[in-house]
Amino acid sequence: MRLLFAACLLGFSESAVAQSRILNGTPVQPPAFEWMAGLSYSSDPYEHFCGGSLINSEWIVTAAHCVEGETPSSVKLFFKTYYLSNPVSGYFSVDIDTFYIHPDFNDTTYDNDVALIHLLYPITSITPIRLATVAETYLTDAGKDQNIIGWGRLHKWSFGGSDTLMEASVPIVASSVCNGSQSYDGQISANMLCAGFMAGGTDACQGDSGGPLFTTDNNNELVLTGVVSWGEGCGEKNFPGVYTKLQN
């Protein structure tokens, strides 16, 4: 069953929902990853439902399925919130100007599952994460380690997400493997990346949707390579997480 990673979907259903949590992760220690954004239904981060990444002072990248059907006034963004119920000093929320959903987003296959959020006012107090360029193909080679972070579920059958921002490391899985008959059987498009372990375990899950897949470049600097999109269950054998390939 296809699992989307957004916590906004009713009841955290295991069918036809997006991924929302980090399984087998460890807590993020402040002030790491300050560019990580949370999407909430109010200025209270506890109403978090998706993640996003600040890519310059005015723009957030997230998953299209996170904002489809929403309006700029129905969503708030928050930063520096490592603990949803008890934000650290420096936490703040920001208003949204508008959304731009990829014009070719397919809400059945989740191809082109990416959107841009334009902020009402620029953020100058946080250094954004940079986007991977088309030329940096090595960043998404099979076996290249990536990082995932989010407030999604910590266990497959838990009802809600994590109060603490969590992180984990997962390797890129070759599309030829991920598209095999024992795995996604042709559902992985050229606009998607698979990352995780074919044996199962560490993965993103409900509530992690829209959050970052990122790695380090040859200068040991962080680079955004993907967006948490969907998957078959969470941490299931033969079914690594599926991410939007931002280089496309």
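The rules behind each value
- Residues numbered from 1 in each chain as written.
- Predicted model: local features only at pLDDT ≥ 70, side-chain atom pairs only at ≥ 80, totals over all residues.
- Heavy atoms only, no water.
- Helix = DSSP H or I, 4+ residues; strand = E, 2+ residues; numbered from the N terminus.
- Contact = heavy atoms within 4.5 Å.
- Salt bridge = Lys/Arg side-chain N within 4 Å of Asp/Glu carboxyl O.
- Buried < 20%, exposed > 50% of the residue type's maximum accessible area, 1.4 Å probe, protein only.
- Disulfide = S-S within 2.5 Å.
- Core = buried A, V, L, I, M, F, W, Y, C linked by side-chain atoms within 4.5 Å.

With respect to the overall build of the chain
When its secondary structure is counted, the chain shows 2 helices and 18 strands. Long-range pairs, those at least 24 residues apart, make up 70% of the contacts in the chain with a sequence separation of at least 6.

As for the pattern of salt bridges
A full pass over the atoms with the stated rule returns 4 salt bridges. Of the charged contacts in the structure, one is a salt bridge between E34 and K80, with a shortest N-O distance of 4.0 Å. Highlighted residues: E34 in the loop between strand 3 (26–27) and strand 4 (36–40) and K80 in the loop between strand 7 (76–79) and strand 8 (92–94), separated in sequence by 46 residues. Residue E34 is classed as partly exposed on the basis of its relative accessible area, which comes to 24%. What you see here is one network of salt bridges that share partners, running through R130, E136 and D217.

Digging into the state of the cysteines
Inspection of the entire model under this criterion finds 3 disulfides. Residue pairing for C178: its cysteine sulfur links by disulfide to C194, the two sulfurs lying 1.9 Å apart. Disulfide C178 to C194: torsion about the S-S bond roughly -85°, handedness left-handed. Placement of the pair is C178 in helix 2 (residues 175–178) and C194 in strand 14 (residues 192–195), with a sequence separation of 16 residues. For C178, a relative accessible area of 0% gives the class buried. The class of C194 is buried, set by a relative accessible area of 1%. Between the sulfur atoms of C205 and its disulfide mate C234 the distance is 2.0 Å.

Observations regarding the nonpolar core
Core analysis: the largest hydrophobic core is formed by 50 residues, its most contacted members being W35, L39, L77 and F79. Other than its neighbours up to four places away in sequence, W35 contacts G52, S53, L54, F79, I126, T127, P128, I129, I149, P212, F214 and L222. Residues M166, A168, L193 and L213 belong to the second largest nonpolar core, which totals 12 residues.

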